[in-house]
Amino acid sequence: TAQTMTEPAPPPAKPRRPLLQSRVSGVLLVLALLVLWDLSARFWVDSTSWPTVTAVLVALFSGSADLFAAFTSTISLMLKGFVLGALLGVAGGIAIGLSPFLRRAFTPLLEFLRPLPVPGIVPPLILLLGIDDAMKITVVAFSTFFPVLINAAQGVRMVDPVLIDMARTFRHSRLRSMWQLTLPAALPYVFSGLRISLALALIVTVVAEMIAGGTGIGYYLMTMQYAMQPDRMYAGVVLLAATGYALNWLLLLAERQLLHWYTPG
């Protein structure tokens, strides 16, 4: 009994904010902004270019075939370019992270190309590839490639050298070490790059469709603007915002499933 009395009491558990509470707070903020938007359109802003939220929702859910056909086209192009850019970025990042020679050779070229704005590369690509889907997929892959590559290379370089030496001690091949050690250690960095690139891919797809498009949400938004139908135009914007949120949520879900062993610091 004396020994029990002398044992230190366990530290009190830190209060944790429930995840549901934080989600509810975020939803309430979005609803408050929508209410503010609706009130401003009804009572404060006297403009035909600023529709009410009700009008936008009616345009969104009225079953417009043009809107959802444009949405399907945009998402298809975005996913093709995103997957292509992500695969090339992961492969290039691992190669550069593992090889100091490749890192020294390609770093100047990558730093030269990385800051190029998307509107600046669209006209040359139109001359090379035309205005079809190939050009748009290439632009999306280009914008996706660099964040994934940089994060993947950084993840490879952050692998503990002690673990690499241990793998060599146990005579693991380079391929086995890369598959069982380097790649799992770099995956959190890769997913960070993917999350950044996913938002960029959606933005770039819409921009490319605005510049050189005959289909897609970007072209739809421009058409509704010229047709002076702001409710349908804002319906496309709301649909894009909801899509971006859903895609980011799906990527986070995949990250939690694949990296269940990883606890961010």
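Below is a short write-up of the structure. What you see is a predicted model, and the numbers here were worked out from it, not measured in a lab.

## A word on the overall build of the protein chain
Tallying secondary structure elements over the protein chain gives eleven helices and zero strands in all. Ordering the α and β elements of the protein chain from the N terminus gives α-α-α-α-α-α-α-α-α-α-α. Residues classed as buried in the protein chain amount to 34% of the 265 residues present. Long-range pairs, those at least 24 residues apart, make up 73% of the contacts in the protein chain with a sequence separation of at least 6.

## Here's the deal with the pattern of salt bridges
Under the definition given, this model contains two salt bridges. Residues R42 and D38 are paired through a salt bridge, measuring 2.5 Å at the closest nitrogen-oxygen approach. Note that R42 and D38 are positioned in helix α2 (residues 19–44) at a spacing of four residues, about one turn of the helix. The residue E111 makes a salt bridge to R114 at a minimum N-O spacing of 2.9 Å. Residue E111 is classed as partly exposed on the basis of its relative accessible area, which comes to 40%.

## A word on helix α7 (residues 133–157)
Helix length check: α7, at 25 residues, gives a terminal C-alpha distance of 36 Å against a target of 36 Å (1.5 Å per residue), a fit within 8%. Along its length, α7 shows its largest kink, about 25°, at F145, and proline P147 lies within four residues downstream of that point. Of all the 25 residues making up α7, 18 are buried; the element is thus mostly covered by neighbouring parts of the structure.

## Things to note about the packing of helix α9 (residues 174–211) against helix α10 (residues 216–226)
Following both chains from N to C, one finds α9 and α10 inclined at 55°, their axes separated by 6 Å at the closest point. Relative to α10, the element α9 lies oblique. Handedness of the α9/α10 crossing: right-handed. Between α9 and α10, the contacting residues are V206, E209 and M210 on the first element and G216, I217, G218, Y219, L221 and M222 on the second. Classifying every residue of the contact of α9 with α10 by side-chain character gives six nonpolar, two polar and one charged.

Each value, and the rule that gives it
- Residues numbered from 1 in each chain as written.
- Predicted model: local features only at pLDDT ≥ 70, side-chain atom pairs only at ≥ 80, totals over all residues.
- Heavy atoms only, no water.
- Helix = DSSP H or I, 4+ residues; strand = E, 2+ residues; numbered from the N terminus.
- Buried < 20%, exposed > 50% of the residue type's maximum accessible area, 1.4 Å probe, protein only.
- Contact = heavy atoms within 4.5 Å.
- Salt bridge = Lys/Arg side-chain N within 4 Å of Asp/Glu carboxyl O.
- Expected span 1.5 Å × (residues − 1).
- Bend = angle between axes of the 7 residues up to and from the residue.
- Axes fitted to C-alpha atoms, helices over the stretch in contact; angles between N-to-C directions.
- Parallel < 35°, antiparallel > 145°, perpendicular 65-115°, else oblique.
- Left-handed = near helix turned anticlockwise from the far one by under 90°.
- Nonpolar A, V, L, I, M, F, W, Y, C, P; charged D, E, K, R; others polar.

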